[in-house]
Amino acid sequence: MLLAIPHEEFKTRQGDFLNKLREKKCDAAVIFAATDIFYLTGFHFIATERPISLLVDPNEQWHLFVPRLEHEHAEEYAVIDHVHSYPEYPGTKHPMEYVKEVLQSYGFEGKTIGYDSIGYGSPMGYRGSTIDTLIEADFVSIYGVIEEMRFVKSPNEIELIKESCRWGNLAHRLLQKYTKSGISEIEITGKASTEATMAMIETLGSDYKPHGQTAFATFRGQVGPESAFPHAVTQNVIMSKGDTLVTGAAAAVFGYDSELERTMFVEEVSREQEQYFNYMYNAQEVAFNAIRPGATYASVEEQVQAYFKQEGLTELTKHHTGHNIGLLIHEAPFFDLGDDTIIEPGMVVTVEPGIYVKGVGGFRHSDTVLVTENGIEMLTYYPRDLELLIC
């Protein structure tokens with residue numbers, strides 16, 4: 001299979017974005033979001049204090065503005081017309097002064113400019129002017145436009161996500177194989193993740209580019225009572241007989257991710273654990289049956305919450321049922337009561353209703369699911385039944 005998005009698809013995306021700009025009555029655009037720059041150009045980079053932006057000029061030419069250390073990198077990999085660079089940040093001349101020169105040189109002044117953010121932002125110490133102070137122009141927010149373009153996945157994107165699922169499945173299989181009482185979570189996850197990654201790179205060969213994390217499986221601290229924290233962090237816990245485990249496994253393939261999570265148990269399971277496991281399992285089934293084209297994301301959550309209420313479990317739930325997934329692990333829209341987005345074929349979502357019981361643990365499966373014309377296709381395929389999830 002093709003392990004990358006082909007150049008012609010990036011060109012198609014750029015054409016679609018230009019149409020969106022026209023709909024917004026914009027002549028040009030300035031984009032700062034790293035994920036959206038990658039989506040439109042194929043340029044994957046490490047965002048730091050040094051500003052990087054994508055510029056679309058009034059003549060529909062595409063420009064990358066990068067620090068000097070990224071110049072050749074951008075020329076090598078980006079589907080782009082022009083690359084411009086500046087020496088360093090903060091420099092004796094601030095990078096935004098170089099941006100100003102590019103904007104002036106390519107006719108941005110006096111135009112209507114769409115932007116996703118009014119300036120570059122970074123938690124790594126960046127300070128600088130916003131773009132509306134650089135030139136005289138009309139500035140219009142187009143925040144969310146590219147994100148909405150990413151809602152429905154192309155056939156190439158779906159294949160990359162399916163490939164991610166395959167290697168997440170292997171990593172999780174190894175995680176379960178190595179999980180035993182008396183062993184630390186870090187030792188188990190390290191061994192499973194390394195072994196799965198080696199198999200992945202040996203199988204896929206030199207064409208494989210992760211643009212993200214290679215194959216991994218983890219507990220992320222959700223071991224025993226700590227599993228009752230939905231987003232726990234690794235504590236280097238030693239496995240004990242009877243522990244409830246909440247796992248996660250995936251692999252990035254050209255930036256595209258999947259999500260596989262399972263509730264497992266170390267060596268034995270109590271009647272109480274089994275009861276909560278079955279409630280969680282049934283809630284996920286409710287969600288699967290509710291996902292169909294034409295329904296809303298909120299309607300899926302409504303049905304899951306109705307099930308939890310019926311069973312008297314509402315107080316044990318802490319989050320919505322799932323979200324889209326693709327270039328980011330969490331993408332909009334969300335299976336949430338506040339999200340009325342219409343479900344469409346080609347959307348790829350996670351389905352992960354959870355129950356969290358203090359002192360007992362967390363109970364959450366997550367599966368990656370493709371919305372089809374008639375319903376759903378399960379992309380993750382790891383066993384879901386209790387008897388197969390006792391380590």
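Residues numbered from 1 in each chain as written. Predicted model: local features only at pLDDT ≥ 70, side-chain atom pairs only at ≥ 80, totals over all residues. Heavy atoms only, no water.

The name given to the chain in an unreviewed UniProt entry is Xaa-Pro aminopeptidase, with the source organism recorded as Lentibacillus halodurans.

Caption draft 1: Quick peek at the overall build of the chain. Helix and strand counts for the chain come out as nine helices and 17 strands. Relative to the globule expectation of 21 Å for 391 residues, the C-alpha radius of gyration of the chain, 23 Å, shows essentially globular dimensions. In terms of principal-axis extent, the alpha carbons of the chain reach across some 70 × 40 × 40 Å. Split into buried and exposed, the 391 residues of the chain put 54% on the buried side. Residue pairs in contact within the chain that sit at least 24 positions apart in sequence constitute 69% of those at least 6 positions apart. Accessible area of the chain: about 16,800 Å², with a carbon and sulfur share of 49%. Computed over 31 positive and 57 negative side-chain charges, the inter-centroid distance for the chain is 2 Å. (Helix = DSSP H or I, 4+ residues; strand = E, 2+ residues; numbered from the N terminus. Rg over C-alpha atoms; globule rule 2.2 N^0.38 Å. Buried < 20%, exposed > 50% of the residue type's maximum accessible area, 1.4 Å probe, protein only. Contact = heavy atoms within 4.5 Å. Areas by Shrake-Rupley, 256 points an atom, 1.4 Å probe, with all protein chains shown as cover. Lys, Arg positive; Asp, Glu negative; His and termini not counted. Charge placed at Lys NZ, Arg CZ, Asp CG, Glu CD.)

Caption draft 2: Structural detail: unusual backbone geometry. With an omega of 0 degrees, the peptide bond between Tyr 89 and Pro 90 qualifies as cis. Position of Pro 90 among the secondary structure elements: in the loop between β4 (82-86) and α4 (95-105). Between Ala 332 and Pro 333 the backbone carries a cis peptide bond, its omega angle lying at 0 degrees. On the secondary structure map, Pro 333 appears in strand β12 (residues 331-335). Unusually for a residue other than glycine, Lys 25 sits at a positive phi of about 60 degrees. Here Lys 25 is to be found in the loop between α1 (7-23) and β1 (28-31). A positive phi is found at Glu 60, a non-glycine position, where the angle reads about 65 degrees. When you line up the elements, Glu 60 lands in the loop between β2 (53-56) and β3 (62-67).

Caption draft 3: Quick peek at the UniProt feature "domain: Peptidase M24" (unreviewed entry) in the chain. With numbering aligned to this structure, UniProt lists the feature "domain: Peptidase M24" (unreviewed entry) at residues 159-373. What you have in residues 159-373 is 34% helix and 17% strand, and the ends, taken at the C-alpha atoms, are 17 Å apart. (UniProt positions renumbered as here; feature names shortened; annotations may be inferred.)

Caption draft 4: Representation of the packing of helix α8 (residues 271-290) against helix α9 (residues 297-310). Contact pair α8 / α9: the axes reach a minimum separation of 9 Å and the direction vectors enclose 150 degrees. In terms of orientation, α8 and α9 fall into the roughly antiparallel class. As for how α8 packs across α9, the hand of that crossing is right-handed. Counted together, Asn 278, Tyr 279, Asn 282, Ala 283, Val 286, Ala 287 and Ala 290 of α8 and Val 300, Gln 303, Val 304, Tyr 307 and Phe 308 of α9 form the full contact between these two elements. Residue composition of the contact of α8 with α9, grouped by class: nine nonpolar, three polar and no charged. (Axes fitted to C-alpha atoms, helices over the stretch in contact; angles between N-to-C directions. Parallel < 35°, antiparallel > 145°, perpendicular 65-115°, else oblique. Left-handed = near helix turned anticlockwise from the far one by under 90°. Nonpolar A, V, L, I, M, F, W, Y, C, P; charged D, E, K, R; others polar.)

Caption draft 5: Representation of the packing of aromatic side chains. For the structure shown, the criterion picks out 15 aromatic pairs. With centroids separated by 5.5 Å and ring planes inclined at 45 degrees, the aromatic side chains of Phe 38 and Phe 254 adopt a geometry described as tilted. On the criterion of sequence distance, the pair formed by Phe 38 in helix α2 (residues 34-41) and Phe 254 in the loop between β9 (248-250) and β10 (263-265) is long-range, its members being 216 residues apart. Phe 254 carries the same exposure label as Phe 38, and that label is buried. Of the aromatic side chains, those joined through ring pairs into one cluster are Phe 265, Tyr 276, Phe 277, Tyr 279, Tyr 281 and Phe 363. Against the face of Tyr 178 rests Lys 191, its NZ or CZ located 4.2 Å from the ring centre. (Phe/Tyr/Trp six-rings, centres within 6.5 Å; stacked < 30°, edge-to-face > 60°. Lys NZ or Arg CZ within 6 Å of the ring centre and 35° of its normal.)

Caption draft 6: Just the domain arrangement of the chain, in detail. According to the domain assignment, the chain contains domain 1 (7-149) and domain 2 (155-388). Facing eight residues of domain 1, the contacting portion of domain 2 comprises nine residues. When the two sides are added together, the surface that domain 1 and domain 2 hide from each other amounts to roughly 740 Å², 62% of it contributed by carbon and sulfur. The interface formed by domain 1 and domain 2 includes one salt bridge. Between domain 1 and domain 2 we count four residue pairs in polar contact (both at pLDDT 80 or more) in total. Elements with a minimum of two residues in the side of domain 1 that touches domain 2: α1 and α2. The residue inventory of the side of domain 1 that touches domain 2, partitioned by class, reads three nonpolar, two polar and three charged. (Domains from an automatic or database assignment. Buried area = accessible area lost by both parts, 1.4 Å probe. Salt bridge = Lys/Arg side-chain N within 4 Å of Asp/Glu carboxyl O. Polar contact = N/O pair within 3.5 Å; in protein donor to acceptor, adjacent residues only side chain to side chain.)

Caption draft 7: Representation of the sheet that holds β4. Strands sit in the order β4-β3-β2-β1-β5-β6 across an open sheet of six strands; the sheet is mixed. One side of each edge strand has no neighbouring strand; the edge strands of this open sheet are β4 and β6 (138-141). Adjacent strand axes in the sheet meet at a mean angle of 25 degrees when their direction is disregarded. Bridge count for β3 against β4 is five bridges, and the pairing is parallel. Bridge assignment links Pro 67 to a residue of β4, and that residue is Tyr 86. Contacting β1, β2 and β3, α1 crosses the sheet at an angle of about 115 degrees to β1. Across the sheet, α2 touches β1, β2 and β3, and the angle it forms with β2 is around 50 degrees. (Pairing = 2+ DSSP bridges.)

Caption draft 8: Up close: the environment of His 84. Relative to the helices and strands, His 84 resides in strand β4. What makes His 84 buried here is its relative accessible area of 16%. For the pair His 84 and Tyr 98, spaced 14 residues apart in sequence, the C-alpha to C-alpha distance is 8.9 Å.

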